[in-house]
Structure formats: structure tokens, C-alpha cells
Amino acid sequence: MRLVSRPGNASSVAADVEDLHNGSYLGTTLLPWNGFAFVEMGLQYPREFLREAVRVRMTIHTTRWIYALFEASGSVRERTACLPSLPIPGYGTACNLTESNGGLPYFCGRPTDRRLNCSHRKYVEPLKGLSLPPLLPPAEQKLLKKIDRHPFLRLIPNNITVRILSAPKPTKGHQNLPPCWKRSPDSTWSSTAPRGWMSADGVWHPFTCSLPRRVDDEHVRKCLRHTSIFLVGDSNMRYWWYELRSHLNCSRLETGTHHHQAKLCEVQSHNTTLRWAFHGRPSYTVATSDNVPLPTLLAQLRHDQRHDQRHPQRRVIVLLHYYLHFTYYSLPVFRTMVRAAKRHIQDFLQEFPTAKFVIRGPHLALDVVRGFHLVNGDIFGPAYIQIWHNEFKELRGRVWFLDFWDMTVATRNRPVHPPPFVVREMVKVVLGHVCEGFP
């Protein structure tokens, strides 16, 4: 649910929606502009569909099969199915790839050819040509067709218009708010929607703290001076890396030959390192990809921090995002990954208490990549947010949680990769929280 100042390109704000469990819902929001607000609301996924999404993942184990290639002597080859949990359907035994995945659970079926063993694994890749819907019973297929029919966003027709008689002026309403870097990590976990609003010119205005309207190169360079910042996640974090890099003059730049390969930008004059890498399986890794699971990254960081004599004062900031690559699997798989992240972050903070960790929450993505909402998409976004909250209770005072669900509801975000102006505003929110004195 969101409210807009006028139809079309307009200022917008999301509402916090509560299910009253009697067939009705309660929406609560703040209105920061004078004039009128038009209400837009829709029910994206009926509960029957969500129930089916959970059932499929618990019974079939995945909505997208990933296979490992095992090869020996150049001619003996075999592919087997892989999952981040056991058992693997069709295989009596499995190769445990947890160690090579930085300690995060991952398994592949053991090859049936006796000339191959687990050490012969080369890489993993998605199985092409297998479509989930034909594997479902007719009733489920019928339900799926309704959900996957355009338009994906199904607004509920209404004539509700709100007239706002006295609201703070958009340009002056939040002058007395403290800067975001003065917020405690704990406060980022307890905040509720709406956390801000998007003005018609594409600028995010938080309700809880103050940020500059625009961020320029000097702001970012000052913020990241004497800093190693690591982005661990999927392609959405890669776009954050691109946004940050656009403000830096990299003296060393490594982007690889494929967009799945790790990215590195170093700025020697500012003692800045900016790095992005895949979060590790269950994302697939073709031969041209790099995986740096969080445990592996933190082990490398601990080693570097202990032995780096040239930059003893360099700060460490880690931005972590687990989301779309996990939606192919059951909720217990995601919970296992979050618990592992918590354990390794806790160990790192015990040795290096000044390090900063930021969890990026899920975002609204009305469109899907694989053509079916049951296969992937934002269906588990709210459930993932709840899992983060439940599992990180002991670390809320030391780890920031930045929830962008309401920002992307306000902008009615469709793609799995939000547009550049939303990425820009997300990154601005992050910098505002982790950089003292920002801007």
C-alpha cells in the first residue's frame, strides 16, 4: 500500500500494513506534504499461493536445479544435482562441499561413475530447459497461471483521496532530525514503515534521521577515506559497488571479464579499498564466476587486519545481502545461512570491535526473472526480514539492519534490480549510517 501526491510521477510514501485476520487490513503511514494523497493498494499474493510456494520447496527441495560437473582425465564427465541441504533426491550419497563453501552447507550428488570422486568437481551451473510448472498437479498449475498473468501488480480499485491540511514542508520538515550516523545500530532494527518518503525528483527523505539531498564525489571519498569496504551478495550488491565506484578515482581497478567475477577498486591516495564478491552458494557458479562466502571473506579480513602494518588505522565495513538466490529454496535453508552469518560476524567483532556490519534487507520486486512467481521473486521478502530479526537479537546493538522494503513499495519497484535512482538513494542511506560526520 502506498500514497501518492498525484497520479503518475509524484511524491510517494509507503504504508505499514497489518493483517487483522478478519478479512480486513489496516494501513498506517505519515503524510509529509500538503494537498492531496491518492491511495494505491493491492494484494500481490493470496495466501493459497504462498502456501503452495512453501509446500513446493519443502517437497521438491528447490524450484531451480543446480548441477555440478565432475571431470577426470578430460574425457570422464558426469553431472549431479546440488542442494544446500540434504537429502538430494535421486542420490543415495552426496559430496559434502561445505568446506569449499566457506563453512556454509552445500552438497552435490556423488557421481555414479567409479572413476570419479568428489575431488573431481569442476564447477556448478544451472540446469537449463527444466520448467517447474509442468511438474505440478493441475490445480496448482491453474493457480499459478492466475498469478503469472500480466499485470503482475493488481491494484484494488478505490476512490480514496486524503486531503492534507497541515504537513511539514518537504524542504524544511525534518531540519531538526539528527544525522543518520548518530543513530544506534539497535534503532535500525526497531524502526517501522514508513521510514521515509520519495519526492517526485527521486530523493529519499528519512523520517528518523537527516541525509543530504544529493551525494557528490567528495562526500563519498571523505566517507571512505582509510576504509576497506566489502560488499557481499548477489548482483544487487554489485550495482551498489558500481554506484560507489562511480564516485572514486580508482588507482587500481579489477572487474574481470564476466559480470559474475569479483570486483575491486583501490584508491591509494585515500587509502580506500572497495570490493564486491558473490555470497557463495546456493548462488550458482559457472566457470567464469567467483564465490567469496562470508566466512571466507571474514577469515581473509582477520588475517589482513592482524598483519597489515602499513594501514593499522584502516576501518572495515562489510555490507551483506542474502536474498533472491535463496528464494529457490525452503525457508529453513535461509535461516541456516543467517545463523552461520551471525556466528561468523560475532567472532569477527570479538576480535575487531570497531568493524561495522550492515545487513541489507529485501526489496519489493514485482517482476520475475525466470518467468514464474512460484520459482523466484520477492515472495519470501517479508519472511526473510522476520528471520533476520529473530536470529540477530543478540547483535542488534552492533550490526545495522537497513530495510528498504518500504522505499521500493513507495517507488512501486518492478525489476529485481531496482533502477539507478533507487540504487543511488539506497547507497546514500548506507553511507549516512556508517560514516561519522556524513556528509
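Scroll up to find the structure this text is about.
For clarity, every value in this text was computed on a predicted model and none was experimentally measured. (Residues numbered from 1 in each chain as written. Predicted model: local features only at pLDDT ≥ 70, side-chain atom pairs only at ≥ 80, totals over all residues. Heavy atoms only, no water.)

Draft legend 1. A look at the overall build of the protein. Summing up its helical and strand segments, the protein has 10 helices and 20 strands in all. The C-alpha radius of gyration of the protein comes to 23 Å, within 12% of the 22 Å expected for a compact globule of 439 residues. With the principal axes as the frame, the protein shows a C-alpha extent of 75 × 65 × 40 Å. Within the span of the protein, comprising 439 residues, buried residues form 52% of the whole. Averaging the locations of the 56 positively and 35 negatively charged side chains of the protein gives two centres separated by 2 Å. (Helix = DSSP H or I, 4+ residues; strand = E, 2+ residues; numbered from the N terminus. Rg over C-alpha atoms; globule rule 2.2 N^0.38 Å. Buried < 20%, exposed > 50% of the residue type's maximum accessible area, 1.4 Å probe, protein only. Lys, Arg positive; Asp, Glu negative; His and termini not counted. Charge placed at Lys NZ, Arg CZ, Asp CG, Glu CD.)

Draft legend 2. Quick peek at the sheet that holds strand 16 (residues 263-267). The seven strands are arranged 15-16-17-14-18-19-20 in an open sheet whose pairing can be described as mixed. At either end of the open sheet lies a strand with only one pairing partner, and these are strand 15 (252-254) and strand 20 (399-402). Within the sheet, the average angular offset between the axes of one strand and its neighbour, ignoring direction, is 10 degrees. (Pairing = 2+ DSSP bridges. Axes fitted to C-alpha atoms, helices over the stretch in contact; angles between N-to-C directions.)

Draft legend 3. How the structure looks around the sheet that holds strand 10 (residues 121-126). Strand order in the open sheet formed by five strands is 8-9-7-6-10, with antiparallel pairing between adjacent strands. The open sheet has two edge strands with one neighbour each: strand 8 (94-96) and strand 10. Averaged over all adjacent pairs, the angle separating strand axes in this sheet is 35 degrees, with direction ignored. With five bridges connecting them, strand 6 (residues 66-72) and strand 10 associate as antiparallel partners. From the neighbouring strand, Phe 70 faces strand 10, where its bridge partner is Arg 121.

Draft legend 4. Molecular detail of a nonpolar patch on the surface. Judged by side-chain polarity, Met 1, Val 17, Tyr 25, Leu 43 and Ile 156 come together as a nonpolar surface patch covering roughly 430 Å² of accessible area. Relative to the elements of secondary structure, Met 1 occurs in the segment before strand 1 (2-4). Exposure remark for Met 1: the relative accessible area of 30% places this residue in the partly exposed category. (Patch = residues over 30% accessible without salt bridge, like charges linked within 9 Å, V, L, I, M, F, W, Y side chains within 5 Å. Areas by Shrake-Rupley, 256 points an atom, 1.4 Å probe, with all protein chains shown as cover. Salt bridge = Lys/Arg side-chain N within 4 Å of Asp/Glu carboxyl O.)

Draft legend 5. Spatial organisation of the pattern of salt bridges. Applying the stated criterion to the full structure yields 20 salt bridges. For Arg 302, the salt bridge is made with Glu 351, and the minimal N-O distance between the two is 3.0 Å. With Arg 302 in helix 6 (residues 294-307) and Glu 351 in helix 7 (residues 331-351), the pair connects residues that are 49 residues apart, well separated along the chain. We classify Arg 302 as partly exposed; its relative accessible area is 23%. Since its relative accessible area comes to 30%, Glu 351 is described here as partly exposed. Between Arg 414 and Asp 367 there is a salt bridge whose closest N-O contact spans 3.1 Å. One end of the pair, Arg 414, is in the loop between helix 9 (405-410) and helix 10 (420-434); the other, Asp 367, is in the loop between strand 19 (356-360) and helix 8 (381-391), with 47 residues separating them in the sequence. Residue class for Arg 414 comes out partly exposed when judged on its relative accessible area of 29%. It is possible to trace a salt-bridge network through shared partners that takes in Arg 2, Glu 40 and Arg 412.

Draft legend 6. Just the packing of helix 5 (residues 235-245) against helix 10, in detail. Between helix 5 and helix 10, whose axes approach to 10 Å, the crossing angle comes to 75 degrees. In terms of axis orientation, helix 5 runs roughly perpendicular to helix 10. Residue-level contacts link Tyr 239, Trp 240, Glu 243 and Leu 244 of helix 5 to Val 423, Arg 424, Met 426, Val 427, Val 430 and Leu 431 of helix 10. (Parallel < 35°, antiparallel > 145°, perpendicular 65-115°, else oblique. Contact = heavy atoms within 4.5 Å.)

Draft legend 7. Broad picture of the state of the cysteines. Enumeration according to the criterion identifies five disulfides in this entry. Cys 82 shares a disulfide with Cys 108; S-S distance 2.0 Å. Taking the sign of the torsion about the S-S bond as the criterion, the disulfide between Cys 82 and Cys 108, at about 105 degrees, is right-handed. Taken together, the positions of Cys 82 in strand 7 (residues 76-83) and Cys 108 in strand 9 (residues 107-109) put the pair 26 residues apart, joining distant regions of the chain. As far as burial versus exposure is concerned, Cys 82 and Cys 108 are alike and both buried. The disulfide bridge from Cys 250 ends at Cys 265, spanning 2.0 Å between sulfur atoms. As the torsion about the S-S bond is roughly -100 degrees, the Cys 250-Cys 265 disulfide counts as left-handed. Of the two residues, Cys 250 sits in the loop between helix 5 and strand 15 while Cys 265 sits in strand 16, which places them 15 residues apart along the sequence. Given the relative accessible area of 25%, Cys 250 is considered partly exposed. (Disulfide = S-S within 2.5 Å.)

Draft legend 8. Region of the structure containing helix 10. The terminal C-alpha atoms of helix 10, which comprises 15 residues, lie 21 Å apart, in line with the 21 Å expected from a rise of 1.5 Å per residue. Counting buried residues along helix 10, 12 of its 15 residues qualify, which places the element largely inside the surrounding structure. Taken as a whole, helix 10 has its buried residues at Val 422, Val 423, Glu 425, Met 426, Val 427, Lys 428, Val 429, Val 430, Leu 431, Gly 432, His 433 and Val 434. (Expected span 1.5 Å × (residues − 1).)

Draft legend 9. Spatial organisation of the environment of Lys 428. Along the polypeptide, Lys 428 turns up in helix 10. Residue classification places Lys 428 among the buried positions, given a relative accessible area of 3%. It is 10.0 Å that separates the C-alpha atoms of Lys 428 and Val 203, two residues lying 225 residues apart in sequence. Discounting chain neighbours no more than four positions away, the residues touching Lys 428 are Val 203, Trp 204, Leu 211, Pro 212, Arg 213, Val 215 and Phe 438. A polar side-chain atom of Lys 428 sits 3.0 Å from the main-chain carbonyl oxygen of Pro 212. (Polar contact = N/O pair within 3.5 Å; in protein donor to acceptor, adjacent residues only side chain to side chain.)

Draft legend 10. Summary view of the packing of aromatic side chains. The tally for this structure, following the rule as stated, stands at 19 aromatic pairs. Look at Trp 33 and Trp 197: their rings are 6.1 Å apart centre to centre, the planes differ by 55 degrees, and that puts the pair in the tilted class. With Trp 33 in the loop between strand 4 (25-28) and strand 5 (35-40) and Trp 197 in strand 12 (residues 196-198), this pair connects stretches of sequence that are 164 residues apart. Pair check on accessibility: Trp 33 and Trp 197 agree, each one buried. (Phe/Tyr/Trp six-rings, centres within 6.5 Å; stacked < 30°, edge-to-face > 60°.)

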